[in-house]
Structure formats: structure tokens, C-alpha cells
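Report on the structure
Letter by letter, the chains look like this.
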Protein chains: 2
Amino acid sequence: MKLLEERIRRDGKVKPHSVIKVDGFINHRIDVELYDAMADELARLFKNSGANLVMTIEASGIALACFTAKKLGLPVLFAKKVRTKNIDDDVYRARALSYTTDNYYDIVVSKEYLTPSDSVLIVDDFCARGEAAVAMLNLAEQAGAGVAGVGIAVEKGFQEGGALIRSKGIHLESLAIIDGVSGNGEIVFREQPHQS
Amino acid sequence: MKLLEERIRRDGKVKPHSVIKVDGFINHRIDVELYDAMADELARLFKNSGANLVMTIEASGIALACFTAKKLGLPVLFAKKVRTKNIDDDVYRARALSYTTDNYYDIVVSKEYLTPSDSVLIVDDFCARGEAAVAMLNLAEQAGAGVAGVGIAVEKGFQEGGALIRSKGIHLESLAIIDGVSGNGEIVFREQPHQS
């Protein structure tokens, strides 16, 4: 999505080890007009996916999930991160490794809100190693729910998450795929001609 | 707000100790149409508040903050919960007590995104003891920012948070104020004739 790529190029900050900081408009301060445009594009890309539910994970995935769900006329279910080891029979639970803290955490959704009759569109702001998306796919599988697709704002194409999800035959759309940073510090995006 | 009161009456589940569970449409599964209507009402109530920024706290406050900010044409800044004790010079930090876990946690915002020229509308989904809202007021004070108001979806009127915030002279609007549960299990809402 050209609009997002241009914004990352303009306001993203390239840090050591190819870390690109976008907290001025995505994951701390949220530019809601940009989110609205990203949601338009995800809704266009997934309008025929058959999804009846948008699933995301707290915290920063909630904004994009809500804007996208509004465009598609669907409800949102957000998986909660839990740190307790309590076994609760009323929830599905999956484990993920945090990219930022390198600690494992569990995510849960209530069995009441994810059922075999659901087909979920998974939405999140980032995909690097794919831990969060794969944990949500795991929750859907436990519930017997279908997966209509995965929509991501920013994918780090030089990490394995995107390839892993695509290798499962899942329709993944990332609105910007960063393949790396060139020698002169310029962010390199993967070409995606089918996107706006 | 009658629409929210009716929804809580219809789909909220009254649990022991006057706990009212609304996770089917507010804080786990999100009814985006309801959120859109709540955002319309908050935007109407605060349209002349002078706010230039909507501030909330991860996780479940993000949805209402984003929808409200979209109506008002403003960006969102969401405070992050941190569990590390690291002192970071680049952030303002405040402490709050979690209502659900009864543990203290810190919230932070980057100094870059909250400044003396800002006037914040604080938005959150719940207000019980007021810990989260007061911590956000504390962040605004540290930054020298003004406070344009506080908008809440559901206030538990039988706990002290709402009264505490109003006692500071802050314009607080809660779209539903639950004053308690009557002997026959009916939820009692506070009259708010100025709301839709």
C-alpha cells in the first residue's frame, strides 16, 4: 500500500539492526486517518473472504482490527494476554514468544465467542517471526473455526513469519513488507502491484 | 446513553458482588456498531472541549479512543503498561493499581508525543476506582499538558473513581453509570438527561 510505504519512509526511524521505529503513527501514537485508509485497503482485499469475525490480540492490534471490522460490518474478538497459569475450562489458550521482551506469554479467547461456525480474519499491526498470528491460528484450530485470511499492517519480510503463514496456504496480506534497509539507510519495500 | 444502558440490561451478566460482565460486546468481543454509536455520543459531548489529542491506555480502551478520535479528527496516544523497572528518560511514567489483578503496574508515554501544547481527552472503557484515569491525569500533569475531559463507556457509580475525578473539576462523561443492582437483580443506572 503506497500510502503506508510513503509514511514509513517519511516518518519511520531506522535504528540499529534494521529495527524500524514507527511509534509516531502506528504503535504508540496512532494516526487514525492512516488507520482508516489501511482499513479501507484490508476491507477491499478481504471483502470476498467469507469472514464473519475479525480476530486480533491486545494491545496495538485492536485499532486496525476495529477500523477494518467497521468497514466489513463484522464484530471483533481480541485475544487477551494472560500471565497466570490457571487452567480455565472456558477458554482456548495458545502460547507465543514476545518479540520485544523475548518471554513467552499465553493468549486466550473465551470458547463462547469462537466456534466452529466462525470464519476469522486475523488482523494485527506487525508480523516479524509470526508468533502472534500463529498463536491466533492455533486458537482458531482449537475452536474448529475457519480462517478467512490474515491482514497485517507492517511485515518484516526479512524475518520468517510471513513465509511461514503463506506456506500454510493462508491468504496473508501485509500492507507494507519491509525487505530490509539498504547500505545508504533507505528502507526497501517488496513490490505488491495488486495493492493500492 | 440509552442505547448502551439497554444493551447492558439485555446482554450484561450480573455476577456475585455486583460484578457486571459485558465481555460479549465491550471488553473481549467488541460490537463495533455499538462502539461507533458511543463514539458519536462522546464526540458530541466533547466537541467544544478544545482537545487536540485523545489519550487512552492499552488494551481495551484503544477501540473507543480510536473511534472517538476519528469522529473528532484527532490522533490517539495510548499509554503502555510496563512491568520493567528500567528508568527511561524519554518517557513519563505513572503507577496504577489493577482492579482485576490487584497488582500495581506502571504506564508510560513517550515525552515526544505529550507536550505542554497538548490538551488531552482521556478515553477508557471502564471507570471503577479510577486508577487508570488518575494515572493518565498524572502523565498529562507531568507533561504540562491540559486536560479537556474524560470520556468513559461504563462507570461503576458505586465505586469512588468517578466522584474522585469530578472532584478535581474535570469534565467527566460516562455513557452509562451503574449505581448498583437492585434486590431482584435489575441493574440500576444513574439518570443522565443531557445524554442521548
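Below is a summary of the structure that appears in this document.

Quick notes on the rules
- Residues numbered from 1 in each chain as written.
- Chains lettered and ligands numbered in written order.
- Predicted model: local features only at pLDDT ≥ 70, side-chain atom pairs only at ≥ 80, totals over all residues.
- Heavy atoms only, no water.
- Contact = heavy atoms within 4.5 Å.
- Buried area = accessible area lost by both parts, 1.4 Å probe.
- Salt bridge = Lys/Arg side-chain N within 4 Å of Asp/Glu carboxyl O.
- Least-squares fit on C-alpha atoms with pLDDT ≥ 70 in both.
- Axes fitted to C-alpha atoms, helices over the stretch in contact; angles between N-to-C directions.
- Helix = DSSP H or I, 4+ residues; strand = E, 2+ residues; numbered from the N terminus.
- Nonpolar A, V, L, I, M, F, W, Y, C, P; charged D, E, K, R; others polar.
- Buried < 20%, exposed > 50% of the residue type's maximum accessible area, 1.4 Å probe, protein only.
- Core = buried A, V, L, I, M, F, W, Y, C linked by side-chain atoms within 4.5 Å.
- Phe/Tyr/Trp six-rings, centres within 6.5 Å; stacked < 30°, edge-to-face > 60°.
- Lys NZ or Arg CZ within 6 Å of the ring centre and 35° of its normal.
- Expected span 1.5 Å × (residues − 1).

Details of the interface of chain A and chain B
- On the side of chain B, 33 residues touch chain A, which itself brings 33 residues to the contact.
- For the pair chain A and chain B, the summed buried area comes to about 2800 Å², and 64% of that belongs to carbon and sulfur atoms.
- By the criterion of area lost to chain B, the three top residues of chain A are His28, Lys70 and Tyr113 of chain A, representing 24% of everything that side buries.
- Our enumeration of links across chain A and chain B arrives at 5 salt bridges.

Re the relation of the copies chain A and chain B
- Each copy of the sequence occupies a distinct position, and chain A is placed on chain B by a rotation of 180° and an axial shift of 0.0 Å, giving an RMSD of 0.0 Å. The relationship between the two copies is best expressed as a two-fold rotation axis. When C-alpha positions in chain A are compared against the rotation axis, the closest is assigned to Ala59 of chain A, at 2.3 Å.
- Most of the interface of chain A is mirrored in chain B: 100% of its interface residues are interface residues there too.

A look at the packing of helix 1 (residues 2–11) of chain A against helix 2 (residues 32–46) of chain A
Residues and elements named next belong to chain A.
- Relative to each other, helix 1 and helix 2 sit at 145°, their axes nearing to 10 Å. Only Leu34, Ala37 and Met38 of helix 2 make contact with helix 1, whose side of the interface consists of Leu3, Leu4 and Arg7.
- Partitioning the contact of helix 1 with helix 2 into residue classes produces 5 nonpolar, no polar and 1 charged.

Points about the environment of Val120 of chain A
Residues and elements named next belong to chain A.
- Relative to the helices and strands, Val120 resides in strand 8 (residues 119–127).
- Judged by its relative accessible area of 0%, Val120 is buried.
- A sequence separation of 92 residues divides Val120 from His28, and the C-alpha atoms of the two residues are 26 Å apart.
- Excluding anything up to four places from it in sequence, Val120 contacts Ala51, Leu53, Met55, Leu114, Ala140, Gly146, Val147, Ala148 and Gly149.

Describing the nonpolar core
- Membership of the largest hydrophobic core comes to 79 residues, with the highest contact counts inside it found for Leu4 and Ile8 of chain A together with Leu4 and Ile8 of chain B.
- When residues in this core are grouped by element, the largest group, 9 residues, is from helix 2 of chain A.
- If we skip the residues at most four places from it in the chain, Ile8 of chain A touches Ile20, Val22, Phe25, Val154, Ala176, Ile178, Ile187 and Phe189 of chain A.

Notes on the packing of aromatic side chains
- Taken as a whole, this structure holds 3 aromatic pairs over all chains when the rule is applied.
- Chaining the aromatic ring pairs together yields one cluster made of Tyr35 and Phe67 of chain A together with Tyr35 and Phe67 of chain B.
- In this structure, Lys81 of chain A is placed above the aromatic ring of Tyr105 of chain A, and the distance from its NZ or CZ to the ring centre is 5.1 Å.

Considerations on helix 3 (residues 61–72) of chain A
All names here are of chain A.
- A rise of 1.5 Å per residue sets the reference length of helix 3, with its 12 residues, at 16 Å; its end C-alpha atoms lie 17 Å apart and thus fit the reference within 8%.
- When you tally the buried positions in helix 3, you get 9 out of 12 residues, the bulk of the element.
- Among all positions of helix 3, only Gly61, Ile62, Ala63, Leu64, Ala65, Cys66, Phe67, Thr68 and Ala69 are buried.
- Two residues or fewer after helix 3 comes Gly73, characterised by a positive phi angle close to 70°.

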